[in-house]
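These are the residues of each chain, in order.
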Amino acid sequence: MKLSVCIGALAATTVSAFTTSFMPAGLRGVQSGSAMQMALKEGEVPIIIGLAADSGCGKSTFMRRVTSTFGGDVVGPLGGGFGNGGWETNTLVSDLTTVICLDDYHLNDRQGRKVSGLTALNTAEQKFDLMYEHVKALKEGKSVMKPIYNHVNGTLDEPEKIEPTPIIIIEGLHPFHDDRVRELIDFSLYLDISPDVKLNWKIQRDMEERGHSLESIMASIEARKPDFDAFIEPQKKYADYVIEVLPTQLDPEDKKTLRVRGIQKKGVADFNPTYLFDEGSEITWVPSADKLSTPAPGMKLAYTQDQYFGNDVAVLEMDGSFDNIQELVYVESNLGNTNSKFYGEVTQAMLSLADSPGSNNGTGLMQTLAAFAIRELYNKKSAAAKLAATTAAAAA
């Protein structure tokens, strides 16, 4: 069984903004994609990671956590990006990874969707046959000529060449919709943001920061909701690891503090769910204020056993935020199966991205734990492939 983490999300942000925010400031456009990417080793099979997400869900932050977990100093757009000797691209590359935006498999450009009357969330507007062919080829170690959806002007641009790398991430609206593509994915992710949190985030961004009216905000959400409900949200039933972002239960008047749950399916190959204190138990824990300083309304963690879409799951929960990331080591010391390499690595990873959204609450913690799970999966599969190659060579 494959490990999946479902991700669905919030409002619209452009992929060009995602591309820029994904890159370390000092490295944007400094190298071409071919200079950054690591060639596959003999017999190595790429690991395919799927990230299902609506627009504006925080993909850039999650990708930052994943790439930093794998190490490597250079992250940027394929070819250097437009304005740096390259082209308008949605594809991001680093030492080990290639991130492919599935918007590139839209059937029609922006004008074409006006004619069809369908949104980009509708599965009828996607080229699933081509998506499957390309993911399959990349997993087989072959390069592909992938189309480009230009988010700046809404056109379909000339294709770009994608070379296989050890880790390939496909992210977008429908990575789990086509069963052929789904079977190729080794690790899948979905972030489930509740309607109340979506509304609060959008009000904060569009009303407080952009001056939009509450009526226009509500209309925008309602217009998008039918297609989200029909085509995006159903994909979470395939998830082995769901990150739910909910309003806090500590204070019903608090509209900003988050309650985040990591719903981890049991029995998944090469994955052991993270637990709090005692694996398989039922625990509610309020950390000592002397060891973990938290703003109002405080902090509560929980670890429970439950059912999700008919599957047994272990649920790790953090409700509330903390003031000092360094003190998170207190929580980390009571977690098991974190897939960390050394004591304090989870906290260190959070500190390295201290300015990123969610770094003071359960969003960042769950994303970091998911990133570590991806790393562990990659390490296990790489070790198995190396052993198989050694065994084959010895038998020859």
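How each quantity is defined
- Residues numbered from 1 in each chain as written.
- Predicted model: local features only at pLDDT ≥ 70, side-chain atom pairs only at ≥ 80, totals over all residues.
- Heavy atoms only, no water.
- Helix = DSSP H or I, 4+ residues; strand = E, 2+ residues; numbered from the N terminus.
- Buried < 20%, exposed > 50% of the residue type's maximum accessible area, 1.4 Å probe, protein only.
- Phe/Tyr/Trp six-rings, centres within 6.5 Å; stacked < 30°, edge-to-face > 60°.
- Lys NZ or Arg CZ within 6 Å of the ring centre and 35° of its normal.
- Salt bridge = Lys/Arg side-chain N within 4 Å of Asp/Glu carboxyl O.
- Expected span 1.5 Å × (residues − 1).
- Polar contact = N/O pair within 3.5 Å; in protein donor to acceptor, adjacent residues only side chain to side chain.
- Axes fitted to C-alpha atoms, helices over the stretch in contact; angles between N-to-C directions.
- Left-handed = near helix turned anticlockwise from the far one by under 90°.
- Contact = heavy atoms within 4.5 Å.
- Nonpolar A, V, L, I, M, F, W, Y, C, P; charged D, E, K, R; others polar.
- Pairing = 2+ DSSP bridges.
- Parallel < 35°, antiparallel > 145°, perpendicular 65-115°, else oblique.

How should I be thinking about unusual backbone geometry in this particular structure?
A negative phi holds for most residues other than glycine; trans holds for most peptide bonds. Of note, the amide linkage connecting Ala 296 to Pro 297 takes the cis form, showing an omega dihedral of 10°. Note that Pro 297 resides in the loop between strand E13 (283-285) and strand E14 (299-308). Positive phi, normally seen in glycine, also occurs at Phe 277, with a value near 70°. For Asn 337, which is not a glycine, the phi torsion comes out positive at approximately 55°. In this fold, Asn 337 is placed in the loop between strand E16 (335-336) and helix H10 (345-352). You can call Asn 337 partly exposed: its relative accessible area is 27%.

What am I meant to see in the packing of aromatic side chains here?
By convention here, two paired aromatic rings are described through the distance between centres and the angle between planes. With the rule as written, the count across this model stands at five aromatic pairs. Note on Tyr 241 and Phe 271: the rings are 6.0 Å apart at their centroids and 55° apart in plane angle, and the pair reads as tilted. Taken together, the positions of Tyr 241 in strand E10 (residues 241-247) and Phe 271 in the loop between strand E11 (258-265) and strand E12 (275-276) put the pair 30 residues apart, joining distant regions of the chain. An identical accessibility class is assigned to Tyr 241 and Phe 271; each is buried. Ring geometry for Tyr 308 versus Phe 309: centroids 4.8 Å apart, planes at 80°, classification edge-to-face. Under the relative-accessibility criterion, Phe 309 is labelled partly exposed at 49%. Here the aromatic cluster, defined as three or more aromatic residues joined through ring pairs, consists of Phe 277, Trp 285 and Tyr 330. In this structure, Arg 182 packs its charged tip against the face of Tyr 238, placed 3.7 Å from the ring centre. Above the ring of Phe 228, the side-chain terminus of Lys 198 is found at 3.5 Å from the ring centroid.

When you look at the pattern of salt bridges in this model, what are you seeing that I'm missing?
Oppositely charged side chains are able to pair whenever their charged atoms sit close together. Taken as a whole, this structure holds 17 salt bridges when the rule is applied. Glu 160 serves as the salt-bridge partner of Lys 146, at 2.8 Å between the closest nitrogen and oxygen. Here Lys 146, found in strand E6 (residues 144-150), pairs with Glu 160, found in strand E7 (residues 155-162); they are 14 residues apart in sequence, far enough to count as distant. Judged by relative accessible area, which is 0%, Lys 146 ranks as buried. You can call Glu 160 buried: its relative accessible area is 3%. Across the pair Asp 240 and Lys 265 runs a salt bridge whose closest N-O atoms are separated by 2.5 Å. On the criterion of sequence distance, the pair formed by Asp 240 in the loop between helix H8 (214-232) and E10 and Lys 265 in strand E11 is long-range, its members being 25 residues apart. Each member of the pair Asp 240 and Lys 265 is classed as buried.

Before we go on, may I ask you to explain helix H11 (residues 362-395) in this structure?
Given 3.6 residues per turn, any residue in an α-helix points the same way as the ones three and four places further on. Taking 1.5 Å as the rise per residue, H11 with 34 residues should run 50 Å; its terminal C-alpha atoms sit 49 Å apart, in good agreement. One side-chain oxygen of the residue at the start of H11 lies 2.8 Å from the amide nitrogen of Thr 363, identifying that residue as Asn 361.

Looking at this structure, how should I read the side chain of Asn 90?
Mapped onto the secondary structure, Asn 90 falls in the loop between strand E3 (75-77) and strand E4 (92-94). Among the polar contacts made by the side chain of Asn 90, one reaches the side chain of His 151 at a distance of 3.3 Å.

In this structure, what is going on with the packing of H10 against H11? I would like to understand it.
For any two helices packed against each other, one specifies the crossing angle of their axes together with the interaxial distance. At a minimum axis distance of 10 Å, the contact between H10 and H11 shows a crossing angle of 115°. Handedness of the H10/H11 crossing: right-handed. Contact residues: H10 offers Glu 345, Val 346, Ala 349 and Met 350, while H11 offers Gly 364, Leu 365, Thr 368, Leu 369, Phe 372 and Arg 375. Of the residues in the contact of H10 with H11, the class split is six nonpolar, two polar and two charged.

What's the story with the pairing of strand E15 (residues 311-320) in this structure? I'm lost.
Within a regular strand, side chains alternate between the sheet's two faces. Of all 10 residues making up E15, eight are buried, and the element is well covered by its neighbours. Of the strand pairs in this sheet, E11 and E15 are connected by seven bridges, and their pairing is antiparallel. In the sheet register, Gly 262 faces E15, and the bridge partner there is Leu 316. Taken together, the 10 bridges between E14 and E15 define a ladder with antiparallel strand orientation. Looking at E15, one finds that Gln 307 is bridged to Asp 312. Two successive antiparallel strands, E14 and E15, enclose a turn made up of two residues, where Phe 309 displays a positive phi of approximately 50°.

Explain the pairing of strand E5 (residues 97-101) to me, please; I cannot follow it from the model alone.
Most of E5 is tucked away: five of the five residues are buried. In E5, alternate side chains face the same way, and those of Thr 97, Val 99 and Cys 101 on one face and Thr 98 and Ile 100 on the other are all buried. Here two bridges tie E4 to E5, and the two strands are oriented antiparallel to one another. Following the sheet pairing, Leu 92 is matched in E5 by Val 99.

Looking at this structure, how should I read the packing of helix H3 (residues 59-70) against H11?
Direction vectors running N to C along H3 and H11 enclose 45°, while the axes themselves pass 9 Å from each other. With respect to H11, the element H3 is oriented oblique. Classified by chirality, the crossing of H11 by H3 is right-handed. Counted together, Thr 61, Phe 62, Arg 65, Val 66, Thr 69 and Phe 70 of H3 and Gly 364, Gln 367, Thr 368, Ala 370, Ala 371, Phe 372, Ile 374, Arg 375 and Tyr 378 of H11 form the full contact between these two elements. The class makeup of the residues in the contact of H3 with H11 is eight nonpolar, five polar and two charged.

How do you make sense of helix H5 (residues 128-139) when you look at a structure like this?
The end-to-end C-alpha distance of H5 is 16 Å, a good match for the 16 Å that 12 residues give at a rise of 1.5 Å each. Along H5, the residues that are buried comprise Phe 128, Met 131, His 134, Val 135, Ala 137, Leu 138 and Lys 139. Next to the buried residues of H5 lie strand E2 (47-52), E5, E6, E7, strand E8 (167-172) and helix H6 (179-184). Backbone geometry just after H5 places Gly 141 at a positive phi near 85°.

By themselves, these are just geometric observations and shouldn't be taken as functional.
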